[in-house]
Amino acid sequence: MLNIVLFGPPGAGKGTQAQYLTEHYQLIHLSTGDIFRYNIKNGTELGKLAKGYMDEGQLVPDEVTIKMLQSEVDRHEAANGFIFDGFPRTVEQAKALDNFLSDKSWTIDHVPALEVPDEELVNRLLNRGKTSGRSDDQNEEVIWKRIGEYNDKTAPLKNYYEESGKLRHIDGVGSIEEIFGRLKEAIG
Ligand code: ADP
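Analysis parameters
- Residues numbered from 1 in each chain as written.
- Predicted model: local features only at pLDDT ≥ 70, side-chain atom pairs only at ≥ 80, totals over all residues.
- Heavy atoms only, no water.
- Buried < 20%, exposed > 50% of the residue type's maximum accessible area, 1.4 Å probe, protein only.
- Helix = DSSP H or I, 4+ residues; strand = E, 2+ residues; numbered from the N terminus.
- Arc of directions from axis to C-beta.
- Near = heavy atom within 4 Å.
- Polar contact = N/O pair within 3.5 Å; in protein donor to acceptor, adjacent residues only side chain to side chain.
- Areas by Shrake-Rupley, 256 points an atom, 1.4 Å probe, with all protein chains shown as cover.
- Nonpolar A, V, L, I, M, F, W, Y, C, P; charged D, E, K, R; others polar.
- Axes fitted to C-alpha atoms, helices over the stretch in contact; angles between N-to-C directions.
- Parallel < 35°, antiparallel > 145°, perpendicular 65-115°, else oblique.
- Left-handed = near helix turned anticlockwise from the far one by under 90°.
- Contact = heavy atoms within 4.5 Å.
- Pairing = 2+ DSSP bridges.

Draft legend 1. The arrangement of helix α3 (residues 45-56) in detail. Residues of α3 that are buried include every one of Gly47, Ala50 and Met54, and no others. End-on, the buried residues of α3 take up no more than an arc of 75 degrees, which puts them together on one face. Along α3, exposed side chains directed more than 90 degrees from the buried face belong to Glu45 and Lys48. Once α3 finishes, glycine 57 follows within two positions and takes phi at roughly 80 degrees, a positive value.

Draft legend 2. Structural view of the site of the ligand. Around the ligand there are 19 residues in total, and Thr32, Arg37, Gln58, Gly86 and Arg89 lie nearest to it. At 2.7 Å, a side-chain N or O of threonine 32 approaches a nitrogen atom of the ligand. Within the side chain of arginine 37, an N or O atom sits 2.8 Å from an oxygen atom of the ligand. Notes on the ligand: free accessible area 540 Å², of which the protein chains cover 96%. For the shell around the ligand, the element with the most residues is helix α2 (residues 32-41), which contributes 4 residues. The residue makeup of the shell around the ligand, split by class, is 6 nonpolar, 7 polar and 6 charged.

Draft legend 3. Inspection of the packing of helix α4 (residues 62-74) against helix α5 (residues 91-102) at higher detail. Where α4 meets α5, the axes come as close as 10 Å, and the angle between the chain directions of the two elements is 30 degrees. The angle between the axes of α4 and α5 places the two elements in the roughly parallel class. Relative to α5, the crossing made by α4 is right-handed. Two secondary-structure elements touch here, α4 through Asp62, Thr65, Ile66, Leu69, Gln70 and Val73 and α5 through Glu92, Gln93, Ala96, Leu97 and Phe100. Here the contact of α4 with α5 is built from residues that sort into 6 nonpolar, 3 polar and 2 charged.

Draft legend 4. Here's a closer look at the sheet that holds strand β2 (residues 28-31). Taking strand neighbours across the sheet as the criterion, the 3 strands line up as β1-β3-β2 in an open arrangement whose pairing is parallel. Looking at strand neighbours, the two that pair on one side only are β1 (2-6) and β2, the edges of this open sheet. The sheet shows a mean angle of 15 degrees between the axes of neighbouring strands, taken without regard to direction. Here β1 pairs with strand β3 (residues 81-85) via 5 bridges, running parallel. Paired with valine 5 across the strands is phenylalanine 84, a residue of β3.

Draft legend 5. Geometry of the packing of helix α6 (residues 118-132) against helix α7 (residues 140-154). Taken N-terminus to C-terminus, the directions of α6 and α7 make an angle of 135 degrees; their axes are 10 Å apart at the nearest point. Classed by the angle they form, the pair α6 and α7 counts as oblique. Regarding α6 and α7, the two cross each other, and that crossing is right-handed. Two secondary-structure elements touch here, α6 through Asp118, Leu121, Val122, Leu125, Leu126 and Arg128 and α7 through Glu140, Ile143, Trp144, Arg146, Ile147 and Asn151.

What follows is the structure, encoded as structure tokens:
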């Protein structure tokens, strides 16, 4: 079992690196953003609820997000491990994750944190918005709101994982291959 929380602000490259890591370590990739978008596309109740928050650059409430993530983990009982991408984003989500993993005698092994300066994040997201079709990437105000949410609610989680000795700071600026190399080195 190998469980990785890939940590970092919006636009840090979590999705891209998670795909590489998933293949390399044969893990299940769980991206809360992707799952919400899939639900929006399919018009589910969860999608309808999440859309309002996502369009505003706000976090979806913990209760909803935690329930959804837990049911995704439960669907993959036989997995080698997971990459959590975009989850947890609050201390409450992190505690819930620890609790339900420990019910299965699982644990988080590594928390690599991709570090990228804010101006670079905004440029990357605006660029992605040109091709991704994601409306939350096309509006600079929404992008700054997401970075604000990250600084307020998600960045404090670094302390949570630092205390357990699992956090590793990774320079998130460079080529995709360079950053992937840094991640592999951190994970071992
Ligand atoms: P990014 O990392 O670029 O912000 P994501 O696809 O991870 O993009 O997330 C898009 C949006 O989905 C977030 O702005 C937020 O509204 C919602 N979301 C994703 N993950 C979570 C989470 N763990 N808790 C609450 N909301 C979330």
